[in-house]
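In case you want the letters, here they are:
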Amino acid sequence: MSTRRQTLFSGGFLGANTSVSVNGNPASPSHGHDQPPNSPLPQGEQAGRSRPSDVLSNRLHEVKRITKSLTAYFEGLAAAHASHSSTLSKLSTSSIIQLPLPEQSLFLPLPPASGPGSGVSGGWAGVLADLNEMNKQCAEQHGELSKKVTKDVVTPLKKLRTDIKAHITLMEKEVTKLSDLVIKERESTTTLISTLSKSLAPASVPAASGGALSYLNLSSSTSSTTPPATPLPAQSAADDPFLHRINVDNQVKTMTNKENELLALVKGWQDKSELLEKNVWEKVSEVWRIWEETNSNLLLGNQQRSVLLSANVDSLPVDVEWNYFTKLNHLLPASLAPTKAEDVEYEGRNEPLTNMVREGYLERQKRFVRSWKAAFFVLTPSGNLHEYPTPDSPLSKPSVSIHLPACTLGPMPTPPDANVGKGGKQVEAMFTIEGPDGRNVYRARSWEELSEWWRVIERFTKVVPATLSSPPIVVEHDAAEGDIGSQLNQKDVPPLPHDEVDAEGAKSPDLPPTPSSPPALPPRTASSVTSITDSVPTTPTTTTSTVPTTLDEGGGDIGITSPPPESPSPPPILTEEPDSPSLSAMGSPAVGGPKEEEKEVKGIVETVEEGNPPEAKEGKEDEPEKKE
């Protein structure tokens with residue numbers, strides 16, 4: 001409605017209405033009224049009310065929005081169920097639940113028929129199969145629900161929204177068109193009434209007759225045949241009030257006809273809107289019932305399957321799989337006893353070459369300081385003499401090894417009568433082994449032990465025959481050093497051709513004095529070594545011993561054996577033996593190393609070259625040597 005029309009009818013046929021709703025129509029009242037409207041286009045006392053057709057249109061628009069909201073809601077539900085169906089389908093793939101199990105042979109076999117409620121009990125493989133089948137069924141049902149909601153719920157709601165929209169459009173079109181005609185006729189009527197009022201203005205009209213106000217109010221209480229009290233002549237025929245009244249009467253008939261048409265039209269659309277709204281709510285109730293039934297069936301079916309699957313899990317004993325697994329004989333029996341190493345049979349275990357020919361204690365003379373180092377020796381059938389720091393040392397890791405077939409054994413020394421040499425000095429039980437790396441001097445605890453070692457070593461080496469006799473080696477003993485600490489005479493024993501290497505670096509403990517009859521060799525255990533040590537008597541005081549030796553071609557005294565002629569003989573070195581520990585300390589590590597021993601020898605040699613006599617170093621322990 002134009003502003004001009006609202007202004008013209010604001011005080012008469014049309015009421016003012018300036019607020020607009022969201023649909024472009026005048027806003028609906030926030031509350032009801034005491035009386036219904038008196039016209040499709042309210043006027044008079046109801047001039048401020050909204051048109052019934054506008055209120056009806058606003059209501060239908062809201063119904064349409066309700067159907068739109070429900071459509072969006074059920075579309076979301078359909079999409080959610082479709083997504084849930086896809087997720088459950090992925091959970092049923094082999095990447096999530098792999099059946100049969102990769103190690104199915106170690107578990108209870110799959111039952112021939114699986115699935116929740118199948119009545120077949122199995123192990124955990126059967127439970128996984130039931131779970132997989134349940135997921136597949138749930139995925140299918142969710143997919144079917146999504147399709148059904150889309151087809152039977154969403155589509156009807158969309159159609160309802162389309163029907164409501166078409167209803168509103170058609171109603172507004174017809175009502176608006178006829179309302180415009182009514183408004184136009186009312187405007188024409190107002191104009192004719194105004195003209196009639198002007199033609200009657202000069203006349204004196206009694207108040208009882210109503211005057212112009214009666215025409216404006218369209219009152220019919222005054223008789224049209226009553227002449228005015230004072231008739232006035234008309235200025236012209238066109239201004240005759242009679243004619244103006246006739247025109248007003250004709251226009252009023254036309255206007256009322258249009259208003260009645262509008263009234264009938266609005267009533268008709270009210271009836272149609274009522275029927276439409278009933279159909280809408282009926283259809284909404286129907287689709288809601290379809291959704292509820294379908295969703296309830298799905299939930300009920302899923303709940304039943306879930307309950308049955310949970311019952312299968314609860315009825316499965318916790319040890320049923322393990323009991324089955326133990327029957328497959330893959331596990332070690334509880335009665336199986338541990339295996340003893342001596343019971344293990346393997347090829348070569350009892351071969352003669354794998355056994356020991358002899359084992360026992362010997363002392364080996366160091367090459368620089370000429371001190372004695374006690375060690376444990378093992379002779380093997382392959383001709384190898386292995387040296388170990390202690391009897392408890394790993395036999396697989398000897399500190400020094402000598403391959404006897406590549407060595408020469410010195411002649412068997414023969415002690416004089418009563419084991420006493422010239423001057424009453426004791427003769428040491430020593431023998432030598434000459435190898436590619438130099439000469440090694442060994443000392444036994446008794447002549448009997450020396451004889452036994454020499455005879456077994458003789459089988460694997462070449463023996464130098466004893467030809468000429470040379471002055472004996474004099475070994476001076478100091479009571480502070482023990483019974484086997486020695487001080488070699490530089491006239492009797494020349495220096496060795498090269499350095500000696502001691503891999504273990506342990507200080508050589510003293511061996512017990514030679515008994516009249518050697519004790520039997522104990523087994524290779526730490527306890528046996530201790531027992532032997534405890535039985536050894538205390539070391540006697542200072543004594544001297546001599547051992548008969550052979551002469552080399554130059555007439556020099558080289559000790560027990562003769563080195564090759566081409567070996568030069570550097571100036572002899574006189575050293576003083578440090579204190580030696582008892583036999584019970586054989587396993588203790590030594591201090592120092594080959595470098596310090598070399599420094600000691602180097603200092604002695606420099607002193608000899610300057611013309612000064614070498615001085616013996618006192619109190620310094622033997623240093624470890626490199627492994628040969």
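Residues numbered from 1 in each chain as written. Predicted model: local features only at pLDDT ≥ 70, side-chain atom pairs only at ≥ 80, totals over all residues. Heavy atoms only, no water.

A. Structural context of the packing of helix H2 (residues 52-91) against helix H3 (residues 124-200). Look at H2 against H3: their axes get within 8 Å of each other, and the N-to-C directions meet at 165°. Between H2 and H3, the angle is such that the two are roughly antiparallel. Here H2 runs over H3; the crossing is left-handed. When the residues that make up the contact of H2 with H3 are grouped by side-chain class, the tally is 22 nonpolar, 15 polar and seven charged. (Axes fitted to C-alpha atoms, helices over the stretch in contact; angles between N-to-C directions. Helix = DSSP H or I, 4+ residues; strand = E, 2+ residues; numbered from the N terminus. Parallel < 35°, antiparallel > 145°, perpendicular 65-115°, else oblique. Left-handed = near helix turned anticlockwise from the far one by under 90°. Nonpolar A, V, L, I, M, F, W, Y, C, P; charged D, E, K, R; others polar.)

B. Broad picture of the nonpolar core. Counting 30 residues, the largest nonpolar core has Phe74, Val149 and Leu157 as its most contacted members. Mapped onto this core, the elements with two or more residues apiece are H2, H3 and helix H5 (241-315). No other element matches the 13 residues that H3 contributes to this core. Setting aside its immediate chain neighbours within four residues, Leu157 contacts Thr67, Leu70, Thr71, Phe74, Val284 and Val287. Counting residues in each nonpolar core, the second largest holds 22 residues, with Leu362, Ile402, Trp453 and Ile457 among its members. (Core = buried A, V, L, I, M, F, W, Y, C linked by side-chain atoms within 4.5 Å. Buried < 20%, exposed > 50% of the residue type's maximum accessible area, 1.4 Å probe, protein only. Contact = heavy atoms within 4.5 Å.)

C. Examining the environment of Lys267 more closely. Its location among the elements puts Lys267 in helix H5. As for Lys267 and Pro40, which are separated by 227 residues in sequence, their C-alpha atoms are 8.9 Å apart.

D. Broad picture of the pattern of salt bridges. Evaluated as defined, the whole model comprises 17 salt bridges. With its nearest N and O atoms 3.0 Å apart, the salt bridge here joins Asp249 to Arg245. Separated by four residues within a single helix, Asp249 and Arg245 lie in helix H5, roughly one turn from each other. The exposure class of Arg245 is buried, given its relative accessible area of 19%. The closest approach of N and O atoms between Arg443 and Glu428, which form a salt bridge, is 3.7 Å. Here Glu428 lies in the loop between strand E5 (408-409) and strand E6 (430-435) and Arg443 lies in strand E7 (residues 438-443), a separation of 15 residues in the sequence. Judged by its relative accessible area of 8%, Glu428 falls in the buried class. Each of Glu363, Glu428 and Arg443 takes part in salt bridges that share partners, so that together they form one network. (Salt bridge = Lys/Arg side-chain N within 4 Å of Asp/Glu carboxyl O.)

E. Up close: the pairing of strand E4 (residues 400-403). Because side chains alternate across E4, one face comprises the buried residues Val400 and Ile402, and the other comprises Ser401 and His403, none of which is buried. Sheet topology note: the strand E3 (residues 384-388)/E4 ladder contains four bridges and is antiparallel. Residue pairing in the sheet places His386 in a bridge with Ser401 of E4. (Pairing = 2+ DSSP bridges.)

F. Inspection of the sheet that holds strand E2 (residues 372-379) at higher detail. The strand order across the open sheet formed by eight strands is E4-E3-E2-E1-E7-E6-E5-E8, and the pairing between neighbours is mixed. In this open sheet, the two edge strands, each paired with only one partner strand, are E4 and strand E8 (462-463). Where E6 meets E7, six bridges bridge the pair, whose relative direction is antiparallel. Bridging across to E7, Ile433 finds its partner in Asn440. Sheet strands in contact with helix H7 (residues 447-458) are strand E1 (358-365), E2, E3, E5, E6 and E8, and its direction is about 105° off that of E1.

G. Structural detail: H7. Along its 12 residues, H7 runs 16 Å from first to last C-alpha, staying within 8% of the 16 Å computed at 1.5 Å per residue. All of the buried residues in H7 are Trp447, Glu449, Leu450, Ser451, Trp453, Trp454, Val456 and Ile457. In this structure, the buried side of H7 is in contact with E1, E2, E3, E5, E6 and E8. (Expected span 1.5 Å × (residues − 1).)

H. Here's a closer look at the packing of H3 against H5. Here H3 crosses H5 at 170°, and the two axes come no closer than 8 Å. It follows from the interaxial angle that H3 and H5 lie roughly antiparallel. Of the residues that constitute the contact of H3 with H5, the class distribution is 39 nonpolar, 20 polar and 13 charged.

I. Local environment of the packing of aromatic side chains. Evaluated as defined, the whole model comprises seven aromatic pairs. Judged by centre distance (5.5 Å) and plane angle (25°), the ring pair of Phe431 and Tyr442 falls under stacked. Of this pair, Phe431 sits in strand E6 while Tyr442 is found in strand E7, placing the two residues 11 residues apart along the sequence. Neither residue differs from the other here; Phe431 and Tyr442 are each classed as buried. Counting every residue linked through ring pairs, the aromatic cluster contains Tyr73, Phe74, Trp288 and Trp291. Here the basic side chain of Lys272 rests over the ring of Trp269, its NZ or CZ set 4.4 Å away from the ring centre. A cation over an aromatic ring shows up here: Arg358 above the ring of Trp453, its NZ or CZ 4.9 Å from the ring centre. (Phe/Tyr/Trp six-rings, centres within 6.5 Å; stacked < 30°, edge-to-face > 60°. Lys NZ or Arg CZ within 6 Å of the ring centre and 35° of its normal.)

J. Structural view of unusual backbone geometry. Following Leu99, the chain continues to Pro100 via a peptide bond in cis, the omega torsion being -5°. Note on placement: Pro100 falls in the loop between H2 and H3. The phi dihedral of Asn329 falls on the positive side, at around 60°, and the residue is not glycine. Tracing the backbone through its elements, the reader meets Asn329 in the loop between helix H6 (320-326) and E1. With phi around 60°, Arg370 is a residue other than glycine that occupies positive phi space. Inspection of the secondary structure assignment puts Arg370 in the loop between E1 and E2.

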